[in-house]
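# Overview (structure and organization)
Listed below, chain by chain, are the residues.
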Amino acid sequence: MPHEEIVAQIIAQLGATIAQLSTLLGELRHNPIPHLQNVVGGLFSNHNDTFLTDAR
Amino acid sequence: MFCRWLTIRAMYHRAHADFRGAEALLLRALALAEQSRESGVRLVPILNSMAVLYKDLGRYDEAWELYQRALALLEGQPRSYPADVATLYHNLGGIDHARGRFDSAERFARKGLALRIEHMGTSHVSVAADMVALGAILEGQRRYVEAETLYSSSLVVFEKKLGRNHTEVGSTLNNLGALYTSTGAHSRAEQSLKRALTIRERALGKNHPDVAVTLNNLGVCYRRLGDVPLARSQYKRALSIFRGSLGMMHPKTVSCLANLELAE
């Protein structure tokens, strides 16, 4: 296979990979991983969830 | 760098309720960091993440020690880390909240909140998260009016800045729903808890312990409304999730089982 064709194929493959990565990153932005969206500072924080206990 | 990557992976496992996998990764990260003589601030995210995980697992004393170790490391640095120190106060307050030590919890929560406001202003989402945490502590002290004010104002910030379906919105609605149940506003309680459940199921999956917390609270709400069969079905689903993810001896599993027995 001529060198020019190999280079063209590499570039095409790289382009496809970049497009795929870009789609995946966009997906991640719209569907962020739960609880990795850490809103408090740079460190992870716990929620103080209220947990009800019933009484007779 | 590798330790940081292990820590992020661990928190990903935690997000999917794989607590054992998360713990294994964090222990590895901590061992590596200590071996390579990484000290000071580099250890803080690992220690904090381990403590967050141990709180999930009901291992409050171990979590407390880790937070204190992280705080001592930050306070021993030549420069200051106000946001991280505020988060550690927030988290220490969370441990005392979980242990029912509300007075001490309030002191930590207020220290964290004041520090955060000083450095970030009043309308930041992190400030809203601190306010929800403080609200839960005040709710534990039956200071319902103050707690509701904090929840409601934080909810506005979260919905505006993070969107209506963010997990922070779900957590705030869970607490608001629980508060309305405690104050007898059952219709509003049911509405808030159902919305919290939808958000949490969508964001975390149907078998996450946070989903089970809201199911348990819905169960209490339905029992107070007199619909015992519906209450039982919520408790049973919650219990199945707690048993599978946290084990039989976890405080939430034990409390949920007690709720179910009361409804039998």
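Here the structure is a predicted model, which is why all the values come from computation and not from measurement.

## Details of the domain arrangement of chain B
In terms of domains, chain B is made up of domain 1 (1-73), domain 2 (80-162) and domain 3 (186-264). Relative to domain 3 of chain B, the C-alpha centre of domain 1 of chain B lies at a distance of 29 Å.

## Observations regarding the environment of B:Gly140
Residue and element names in this part refer to chain B. Checked against the element boundaries, glycine 140 lands in helix 7 (residues 125-140). Considered as a pair, glycine 140 and isoleucine 117 are 23 residues apart in the sequence and their alpha carbons are 23 Å apart. Those residues within four positions of glycine 140 in sequence are excluded, and the remaining contacts are His97, Gly100 and Phe102.

## Points about the packing of helix 6 (residues 102-120) of chain B against helix 7 of chain B
Residue and element names in this part refer to chain B. Interaxial distance between helix 6 and helix 7 falls to 9 Å at its minimum, and their mutual angle equals 160 degrees. When the axis of helix 6 is compared with that of helix 7, the two are roughly antiparallel. The interaxial crossing formed by helix 6 with helix 7 has left-handed handedness. Contacts between helix 6 and helix 7 involve Phe102, Ala105, Glu106, Ala109, Arg110, Gly112, Leu113, Arg116, Ile117 and Met120 on the former and, on the latter, Ser126, Val127, Asp130, Met131, Ala133, Leu134, Ile137 and Gly140. Within the contact of helix 6 with helix 7, the residues separate by chemical class into 11 nonpolar, 3 polar and 4 charged.

## A short note on the environment of B:Thr167
Locating B:Thr167 in the fold gives a position in helix 9 (residues 167-183). The spacing of B:Thr167 and B:Ala203 is 36 residues in sequence and 6.7 Å in space, taken between C-alpha atoms.

## Notes on the packing of helix 9 of chain B against helix 10 (residues 186-204) of chain B
Residues and elements named next belong to chain B. Contact pair helix 9 / helix 10: the axes reach a minimum separation of 8 Å and the direction vectors enclose 155 degrees. It follows from the interaxial angle that helix 9 and helix 10 lie roughly antiparallel. Where helix 9 crosses over helix 10, the handedness of that crossing is left-handed. Contact residues: helix 9 offers Thr167, Val169, Gly170, Leu173, Asn174, Leu176, Gly177, Tyr180 and Thr181, while helix 10 offers His186, Arg188, Ala189, Ser192, Leu193, Arg195, Ala196, Ile199, Arg200 and Ala203. Split into classes, the residues belonging to the contact of helix 9 with helix 10 amount to 9 nonpolar, 7 polar and 3 charged.

Parameters and conventions
- Residues numbered from 1 in each chain as written.
- Chains lettered and ligands numbered in written order.
- Predicted model: local features only at pLDDT ≥ 70, side-chain atom pairs only at ≥ 80, totals over all residues.
- Domains from an automatic or database assignment.
- Helix = DSSP H or I, 4+ residues; strand = E, 2+ residues; numbered from the N terminus.
- Contact = placed C-beta atoms within 7 Å.
- Axes fitted to C-alpha atoms, helices over the stretch in contact; angles between N-to-C directions.
- Parallel < 35°, antiparallel > 145°, perpendicular 65-115°, else oblique.
- Left-handed = near helix turned anticlockwise from the far one by under 90°.
- Nonpolar A, V, L, I, M, F, W, Y, C, P; charged D, E, K, R; others polar.

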